[in-house]
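Per-entry structural report
Spelled out from the first residue to the last, the chains are:
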Amino acid sequence: MSRRRKPEIRTILPDPKFKSELLAKFINKIMERGKKSRAEEIVYGALATIAEKKKTDAPLTVLEAALENVRPTVEVKSRRVGGATYQVPVEVRSSRRTALAMRWVIDSARKRGENTMPRKLAAELLEASENRGGAVKKREETHRMAEANKAFSHYRW
């Protein structure tokens, strides 16, 4: 057990345009090298593209649905027991679920073939909201790994 105190959880200010804390966290995840204004351009551009394609005035619901579809419930962690390493399935904390979902959506968007990042992100979010795309595939793969290693769940700590 750690003797150090638990670190304080930082409060994140909601984003200025939509007043959403989730969107502010998403913008911070997109940000590279401290360029927050560029990250905001990318995210707001993607949301504008989503609003245009879906013909809706609430693109934030698409983002929330996409993240909800990508959130994993279980993952595997390596555990060494008697010289052998087992992949032990464990449940994921809610804060980590959201962080993993955001990371997977962003990674999948960066690997896409479209020509600009806002378009890539918009396409990935639209696909994830419909339970398709690279990020959802990653979640399914993680769940499959946990299901395959269910026999080792008694090694949980």
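Here, every reference points to the structure presented above.
The structure reproduced in this document is the subject of the present report. For clarity, every value in this text was computed on a predicted model and none was experimentally measured. (Residues numbered from 1 in each chain as written. Predicted model: local features only at pLDDT ≥ 70, side-chain atom pairs only at ≥ 80, totals over all residues. Heavy atoms only, no water.)

A short note on the packing of aromatic side chains
- Enumeration over the complete set of coordinates arrives at one aromatic pair.
- Residue placement shows Lys-17 over the ring face of Tyr-44; its charged tip is 4.9 Å from the ring centre. (Phe/Tyr/Trp six-rings, centres within 6.5 Å; stacked < 30°, edge-to-face > 60°. Lys NZ or Arg CZ within 6 Å of the ring centre and 35° of its normal.)

Concerning the packing of helix H4 (residues 94–110) against helix H6 (residues 134–148)
- Two numbers describe how H4 lies on H6: the axes approach to 8 Å, and their chain directions differ by 130 degrees. By the angle between their axes, H4 is oblique relative to H6. Seen along the crossing, H4 lies across H6 with a hand that is right-handed. For the pair H4 and H6, contact is made by Trp-104, Val-105 and Ser-108 and by Gly-134, Ala-135, Lys-138, Arg-139 and Thr-142, respectively. (Axes fitted to C-alpha atoms, helices over the stretch in contact; angles between N-to-C directions. Helix = DSSP H or I, 4+ residues; strand = E, 2+ residues; numbered from the N terminus. Parallel < 35°, antiparallel > 145°, perpendicular 65-115°, else oblique. Left-handed = near helix turned anticlockwise from the far one by under 90°. Contact = heavy atoms within 4.5 Å.)

What to know about helix H5 (residues 117–129)
- Relative to the 18 Å expected for 13 residues at 1.5 Å per residue, H5 spans 18 Å between its end C-alpha atoms, a close match to the ideal helical length.
- Within H5, 11 of the 13 residues are buried, leaving the element largely enclosed by the surrounding structure.
- Tucked into the core, H5 has its buried residues touching helix H1 (21–30), helix H2 (36–54), helix H3 (59–70), H4 and H6.
- Residue Asn-131 follows H5 closely and has a positive phi angle near 60 degrees. (Expected span 1.5 Å × (residues − 1). Buried < 20%, exposed > 50% of the residue type's maximum accessible area, 1.4 Å probe, protein only.)

Concerning unusual backbone geometry
- One non-glycine residue, Lys-19, lies in the positive phi region at around 60 degrees.
- Within the secondary structure, Lys-19 is located in the segment before H1.
- Residue Lys-19 is classed as exposed on the basis of its relative accessible area, which comes to 62%.
- Positioned with a positive phi, Arg-33 is a non-glycine residue whose angle comes to about 55 degrees.
- Turning to its location among the elements, Arg-33 is positioned in the loop between H1 and H2.

Here we look at H2
- Counted at 1.5 Å a residue, the expected span for H2 with its 19 residues is 27 Å, and the 27 Å between its end C-alpha atoms agrees.
- Residues of H2 that are buried in the fold lie against H1, H3 and H5.

So, the layout of surface pockets
- Each pocket or cavity is described by its volume, and for the largest pocket that value is around 450 Å³.
- Residue lining of the largest pocket: 14 residues in total, with Ile-9, Arg-10, Ile-12, Lys-25 and Ser-95 positioned closest to the centre.
- Ranked by residues supplied to the lining of the largest pocket, first place goes to H4 with five residues.
- For the lining of the largest pocket, a count of residues per class yields five nonpolar, four polar and five charged. (1 Å grid on protein atoms, 1.4 Å probe; cavity = no way out; pocket = protein on both sides within 12 Å on 5 of 7 lines; lining within 4 Å. Points joined across faces, edges and corners; volume = space filled by probe spheres on them. Nonpolar A, V, L, I, M, F, W, Y, C, P; charged D, E, K, R; others polar.)

Observations regarding the pairing of strand S2 (residues 84–91)
- In the sheet, strand S1 (residues 74–81) pairs with S2 via eight bridges, with the strands oriented antiparallel. From the neighbouring strand, Val-81 faces S2, where its bridge partner is Ala-84.
- Count of turn residues in the S1/S2 antiparallel hairpin: two residues, of which Gly-82 carries a positive phi of about 55 degrees. (Pairing = 2+ DSSP bridges.)

Structural notes on the pattern of salt bridges
- Using the criterion set out here, one finds 12 salt bridges in the structure.
- Note that Arg-112 and Glu-124 form a salt bridge whose closest N and O atoms lie 3.1 Å from each other. Here Arg-112, found in the loop between H4 and H5, pairs with Glu-124, found in helix H5; they are 12 residues apart in sequence, far enough to count as distant.
- Since its relative accessible area comes to 1%, Glu-124 is described here as buried.
- What you see here is one network of salt bridges that share partners, running through Lys-54, Arg-112, Glu-114, Glu-124, Glu-127, Glu-130 and Arg-132. (Salt bridge = Lys/Arg side-chain N within 4 Å of Asp/Glu carboxyl O.)

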